Amino acid sequence: MRLALLVLALFGYTHADLFTSIADMQNLLETERNIPKLLDKYIHEEEERLVQLKKLSEEYAKKNEQSIENGMKDIVNPINAFLLIKRKIFDWKEIESKMNANKAGNVVNSITDDNYGVRYPTADDLSGAAIGLLRLQDTYRLDTKDLADGKIYQDQGNYTFSAKDCFEIARAAYNEHDFYHTVMWMEEAKRRLGDEEEPSVEVEDILEYLAFALYKQNNLKHALKLTEELYKLNPSHPRAKGNVKWYEDLLEQEGVRRSEMRKNLPAIQNRRPDSVLGNTERTMYEALCRNEVPVSQKDISRLYCYYKRDRPFLVYAPIKVEIKRFNPLAVLFKDVISDDEVATIQELAKPKLARATVHDSATGKLVTATYRISKSAWLKEWEHEVVERVNKRIELMTNLEMETAEELQIANYGIGGHYDPHFDHAKKEESKSFESLGTGNRIATVLFYMSQPSHGGGTVFTEVKSTVLPTKNDALFWYNLFKQGDGNPDTRHAACPVLVGIKWVSNKWIHEKGNEFRRPCGLKSSDKERFVGDLGFGPEPRDAPNLSPVLGKDVWETL
């Protein structure tokens, strides 16, 4: 059918009037004789197109061989990851154009929809990667030029940004009304453009975005200067002339005389916008993520490690425990999950990963939020013996009942993935948060570190100013509630964005119901925990030394 339509289109029969003239009917006979030529031409073009596609396929096969070694490096470094997403967007456009040539309909979409496992990035992915990069820049105080040069701290990457790359990051910030970062990255784009032999972006675009961002950051004179520069470059620019007058009028309203508008330009102001967290908590959160908040030697000297062997099974396979903090109590269970178990859980979770959600305090429903950027999945105990084994192990670790606990949640963090300061428990005014579960509030949290990023990705507690950096195969535990049932405000915590590396975690939220006797109520909030579960969880500090070594590691993997 497509070929028949092509024949009619090529020979120009657009009116149904052949039957009115024998002469035209004779031309139809000539058309019939030309059909083999038309088909040969079509086949020749298709063969050439297929040759080009075969060549493209071979090129990608070679790239895939190289990516076995270099692929993970491109993913774990946020600079490389941003460029990878950008490159793939343009790669797919090339593939689409070649595969869809001479075809009616979208061949690429039909293939990607047919279970070939092909997922190509979109403009939204690129924008999200850019915003994640900006979050990393703020949290870890990274210099714009260093980032554009591919440098993170002392680590030099394999790639650098072009002026166009910097422009794309700045534009992503602009679209989010983040003029603070727009100024930083547009200025870097402008600087890099001056060093490029072949411009990767139009200087007019940079000047227009930068001028408006400077205006929004209270730099009117600088905005006017750049807009005049834009007007000189292109007098026919659709907005430049009008914007010059607009900035002049704004300066006049501020009491600046016309003769002074282009003189005595002050230093550029570029104030970081206020945080919804409050600037004080944001400052503390970011300092903790950088592990810059000092801990007193006196507090450190009180901490200790021991072997937990308060259950019959643990006599043969005791658990190594490190006290991280006493008030509120937080402990790190060491080596409580194996590499094989981690791999199994990750493989089970990958097909289920979806954008992570939070509880809406008003409705009690799960919703996505900008303050939690990751993907998560939930695993039920019956799905695999490893999940069942881990759940049983958590009970041995914490001495708490797992019957009413939530399913095991697995989370994987992407570029700049994070979780802003929050509570795991529901506050008094959030009465509907766990209403549908009927299991009470979240009494405690267990957080397994299933990977160990090179930089960043820590768990920080902003109220008590403490940082726990991920250590693979360990699990962090803390109580969310006081013994009398109220939420403990000192458990406010956050997941820092991963700077370099991969972060996989799994967590178990344990609820009140079923733990009335395992963790008996106290009379007041000042009642402190001495041992997890109050069932002989650990030794007194004076007894901490002189404990026997861990036995039966093989026994662990049977439970």
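Being a predicted model, the structure only gives us computed values, none of them experimental. (Residues numbered from 1 in each chain as written. Predicted model: local features only at pLDDT ≥ 70, side-chain atom pairs only at ≥ 80, totals over all residues. Heavy atoms only, no water.)

Colleague: Kindly report on the pattern of salt bridges, identifying the contributing residues and their values.
Modeller: One pass over the structure, following the stated rule, counts 38 salt bridges. Here Lys428 ties to Asp486 by a salt bridge, and the two come within 3.8 Å at their closest N and O atoms. With Lys428 in the loop between strand S12 (418-422) and strand S13 (442-449) and Asp486 in the loop between strand S17 (475-479) and strand S18 (493-495), the pair connects residues that are 58 residues apart, well separated along the chain. On the basis of relative accessibility, which here comes to 69%, the residue Lys428 falls in the exposed class. (Salt bridge = Lys/Arg side-chain N within 4 Å of Asp/Glu carboxyl O. Helix = DSSP H or I, 4+ residues; strand = E, 2+ residues; numbered from the N terminus. Buried < 20%, exposed > 50% of the residue type's maximum accessible area, 1.4 Å probe, protein only.)

Colleague: Can you break down the sheet that holds strand S9 (residues 372-373) residue by residue, with the values?
Modeller: With antiparallel pairing, five strands are arranged side by side in an open sheet as S9-S12-S18-S15-S16. What marks the edges here is a single partner per strand, and that holds for S9 and strand S16 (466-468). Strand direction decides the pairing type here: S12 and S18, joined by two bridges, are antiparallel. The partner of Tyr419 across the bridge, within S18, is Ala495. (Pairing = 2+ DSSP bridges.)

Colleague: Can you explain the sheet that holds S17? Please cite residues and give values.
Modeller: Taken in spatial order, the nine strands line up as S3-S4-S5-S17-S13-S20-S11-S10-S6 in an open sheet, and their pairing is antiparallel. Only two strands of the sheet have a single partner each, and these edge strands are strand S3 (305-308) and strand S6 (354-355). Alignment of strand S11 (residues 408-413) against strand S20 (residues 503-511), held across five bridges, turns out to be antiparallel. Each residue of the ladder has a partner; that of Ala411, found in S20, is Val505. Running at roughly 105° to strand S10 (residues 375-379), helix H15 (residues 339-349) makes contact with S10, S11 and S20 of the sheet. (Contact = heavy atoms within 4.5 Å. Axes fitted to C-alpha atoms, helices over the stretch in contact; angles between N-to-C directions.)

Colleague: I'd like a description of helix H11 (residues 240-253), backed by residues and values.
Modeller: With 14 residues, H11 extends 20 Å from end C-alpha to end C-alpha; this agrees with the ideal 20 Å at 1.5 Å per step. The complete set of buried residues in H11 reads Ala240, Val244, Tyr247, Glu248, Leu250 and Leu251. Around the axis of H11, the buried residues are gathered within 160° of arc, so they sit on the same side. Exposed positions of H11 whose direction lies more than 90 degrees from the buried face are Lys241 and Gln253. Where H11 is buried, its residues touch helix H9 (203-216) and helix H10 (220-233). Positive backbone phi, at 90°, marks Gly255, one or two positions downstream of H11. (Expected span 1.5 Å × (residues − 1). Arc of directions from axis to C-beta.)

Colleague: Give me the lowdown on the packing of helix H5 (residues 123-139) against helix H8 (residues 179-193), citing residues and values where you can.
Modeller: Here H5 crosses H8 at 90°, and the two axes come no closer than 12 Å. Here H5 lies roughly perpendicular to H8, going by the angle between them. Facing H5, whose interface residues are Leu134, Gln137 and Asp138, H8 presents Tyr180, His181, Met184 and Trp185. Grouping the amino acids of the contact of H5 with H8 by side-chain chemistry returns four nonpolar, two polar and one charged. (Parallel < 35°, antiparallel > 145°, perpendicular 65-115°, else oblique. Nonpolar A, V, L, I, M, F, W, Y, C, P; charged D, E, K, R; others polar.)

Colleague: Describe the nonpolar core, and please don't skip the residues or the numbers.
Modeller: Of all hydrophobic cores here, the largest spans 61 residues; its most connected members are Phe82, Phe161, Ile169 and Trp185. Examining the composition of this core, we find that eight residues originate from one element, H8, more than from any other. Ranked by size, the runner-up nonpolar core spans 38 residues in total, among them Phe333, Met397, Ile410 and Met450. (Core = buried A, V, L, I, M, F, W, Y, C linked by side-chain atoms within 4.5 Å.)

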